[in-house]
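Chain and residue survey
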Amino acid sequence: MGLVDSRKGSSRGIGCLIRRKQVDSVHVRQEGASQLAKELSILQLVAIGVGSTIGAGVYVLIGTVAREHAGPALTISFLIAGIAAALSAFCYAELSSRCPSAGSAYHYSYICVGEGVAWLIGWALILEYTIGGAAVARGISPNLALFFGGPDSLPVFLARMYIPWVDIIVDPCAAILVIVVTLLLCFGIKESSFAQAVVTSANVCVMVVVIIAGGYLGLRTGWTGYNLPSGYFPFGVNGMFAGSATVFFSYIGFDSVASTAEEVKNPQRDLPLGIGIALSICCFLYMMVSAIIVGLVPYYSMDPDTPISSAFASHGMQWAVYLITAGAITALISTLMGSILPQPRILMAMARDGLLPPFFSDVNKRTQVPVKSTVGTGIAAAILAFCMDVSELAGMVSVGTLLAFTVVAVSILILRYVPPDEVPLPPSLQDSIDSITLRYSSEENEEETKDQTNCPKDANVTSSDGESSTSYPLIEKEAVQAKLKEQKRRKIAAWNIASVCIGVVILTCAASSEFLPSLVRFPLCLVGGLLLFCGLVVLSCIDQDDGRHSFGHSGGFICPFVPLLPICCILINAYLLINLGMGTWIRVSVWLVIGVFVYLFYGRTHSSLTDAVYVSTVHADEIYRSSDYLP
């Protein structure tokens, strides 16, 4: 019949990897005993986004990239990287407004792609935020020491110490800072977002002072950094693009905004605005600071470690050293908060779905934050920050973010062309499902009997769900043909989305594999490019699914230029992923293999979808209403 197409969820075979959960609707949200507090507004989201994005790297990155890649064209490198990051931001903006629940990319991929991919994304993000928080914390103490007189001038209880019998350098200051930030996050999202707004504002003020003071110096000295014989592009256009690939990672903090979706007062409006405004502010500040600094001193004379303070010091402004150091400290503290904030929400989302123990899903009734997950995250990050130099593991942070960006872009394509046409319902609704199925079956049988006994052959009889019954053969034929046509369109769309993904993988791998001979690389690049181009052309020509209009929460942001924009996003992120280096991928693979075993022995069998009953999206609301569902 197809009126209520029900099937049981499975925990065996490949079926568990592709099962998808429902967008968190009013029905689903009632299931939790405690929910996160809805306290965040646009300004607080912007503070979280800017604070998580602008780290201390900008105070160092400018010198390195200008000297080695871009030269005076560094400003354009930041602009191009900002545009590339905006592609992912557009995808995040639509999904966060349609599916405003904790979990960010994990949540979106679970709805659109499947449980297997969602688990890997969630597991990779756990690694990203833990190592990222520890790395940021260990970067604070050297900067803080400058205020006490020098690199080794911190008080004894805060100073780094070498432990010879285990050959490690412990950093008590980093561990203490992680614990303080963790305790602050446990007080509540309103209090922690206010603290982050204060610290972020201080960092932005430092950057504004740099821009104003640097602009004054540049006007007085004639912008010596731009008056060079080598011109604006000393490393050529390729160097400018290489600089863009390097500084792209300066923009990857805005996904922290999406992770707080469940705590936003008006997610359909505020989440897209928060993501967009935060990214725009970051791009503007990056471009202005880089334009000022490369204009003050020639790019080849920049100090790769302290480019901004040394540029001011060369013009007699020694006070800039303390100002830049203060900015770096506030930036690091803000980034530390932005690193620890999202992970408890991802752990909570995974625990809600049964993929992790329920311990992580507990929400404190007073503070309305996942305190247990937050404390666990803080302890793990504090231990790493205390006893381990995580600088070699910093590349692993980028893997989680780029994987998330890629899957979010793929999710946009799935949402637009082949959105889920079935949703999982809890087994407690099985009686309502059977009742609805029986009612529709009875009504159809009654209509068929009525047609056969009382109606002429050409009469028009319509069943209660609005579908034609056995009357008007031409209308019936058209309905069947329309259904077959839609099925064909969905199949074509699915195959072409797969073609795009396969083409991107082949193209980026071949283009980045310089060790391969040209006779192998070029044909592979051609094959990958053709698969990518053909998929893009076909998706551009066929219609998008009508179900996209009713998918999730309506009234939010709509990603423009689909399918071109998400496909460009997939291509850029895949290229950056491939070029992260073999050592990084080996370390990440070890973590992902551990995640596979955790999923196989726990998540697969404890998933909330194991006993779910899948029904057509058309009938889900009717089933809820008929059951008076009050979990």
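From a predicted model like this one, the values you see are computed outputs, not experimental measurements. (Residues numbered from 1 in each chain as written. Predicted model: local features only at pLDDT ≥ 70, side-chain atom pairs only at ≥ 80, totals over all residues. Heavy atoms only, no water.)

Section: the overall build of the chain
Across its full length, the chain carries 24 helices and five strands. Going through the 631 residues of the chain one by one, you find that 52% of them count as buried. By sequence separation, contacts in the chain at least 24 residues apart represent 84% of the contacts at least 6 residues apart. Of the accessible surface of the chain, which amounts to about 27500 Å², a share of 66% is contributed by carbon and sulfur atoms. (Helix = DSSP H or I, 4+ residues; strand = E, 2+ residues; numbered from the N terminus. Buried < 20%, exposed > 50% of the residue type's maximum accessible area, 1.4 Å probe, protein only. Contact = heavy atoms within 4.5 Å. Areas by Shrake-Rupley, 256 points an atom, 1.4 Å probe, with all protein chains shown as cover.)

Quick word on unusual backbone geometry
Residues valine 562 and proline 563 are joined by a peptide bond in cis, for which omega reads 15°. Structurally, proline 563 is set in the loop between helix H21 (518-541) and helix H22 (564-578). Unusually for a residue other than glycine, serine 104 sits at a positive phi of about 55°.

A word on the packing of helix H7 (residues 115-138) against helix H18 (residues 395-417)
One way to put it is that H7 packs onto H18 with a least axis distance of 8 Å and a crossing angle of 145°. Judged by the sense of rotation from one axis to the other, the crossing of H7 with H18 is left-handed. Of H18, the residues touching H7 (which contributes Val117, Ile121, Ala124, Leu125, Leu127, Glu128, Ile131 and Gly132) are Met396, Val397, Gly400, Thr401, Leu403, Ala404 and Val407. Taken together, the residues of the contact of H7 with H18 sort by class into 11 nonpolar, three polar and one charged. (Axes fitted to C-alpha atoms, helices over the stretch in contact; angles between N-to-C directions. Left-handed = near helix turned anticlockwise from the far one by under 90°. Nonpolar A, V, L, I, M, F, W, Y, C, P; charged D, E, K, R; others polar.)

Remarks on a nonpolar patch on the surface
Side chains of Leu120, Val593, Val596, Phe597, Leu600 and Phe601 sit close together on the surface and give an oily, nonpolar patch of about 560 Å² of accessible area. No other element matches the five residues that helix H23 (residues 582-606) contributes to the nonpolar patch. Along the chain, leucine 120 turns up in helix H7. We classify leucine 120 as partly exposed; its relative accessible area is 35%. (Patch = residues over 30% accessible without salt bridge, like charges linked within 9 Å, V, L, I, M, F, W, Y side chains within 5 Å. Salt bridge = Lys/Arg side-chain N within 4 Å of Asp/Glu carboxyl O.)

Here we look at the packing of aromatic side chains
Under the definition given, this model contains 20 aromatic pairs. For the pair tyrosine 251 and tyrosine 286, a centre-to-centre distance of 5.1 Å together with 90° between the ring planes defines the contact as edge-to-face. Of this pair, tyrosine 251 sits in the loop between helix H11 (236-247) and helix H12 (255-259) while tyrosine 286 sits in helix H13 (residues 267-296), placing them 35 residues apart in sequence. Seen from their ring centres, phenylalanine 359 and phenylalanine 360 are 5.2 Å apart, and the 85° between their planes marks the pair as edge-to-face. Here phenylalanine 359 falls in the partly exposed class, since its relative accessible area comes to 42%. The class of phenylalanine 360 is partly exposed, set by a relative accessible area of 21%. Taken together, the aromatic side chains of Tyr92, Tyr108, Phe254 and Phe405 make up a single cluster linked through ring pairs. (Phe/Tyr/Trp six-rings, centres within 6.5 Å; stacked < 30°, edge-to-face > 60°.)

Some words on the confidence of the model for the chain
When pLDDT is averaged across the chain, the result is 86; 89% of the residues are at 70 or more. Within the chain, the lowest mean pLDDT, 49, falls on helix H2 (residues 26-29), and the highest, 95, falls on H21. In this model residues 457-470 is a low-confidence stretch, pLDDT under 50, and it forms 27 contacts with partners more than four residues away in sequence or in other chains. (pLDDT = per-residue confidence, 0-100.)

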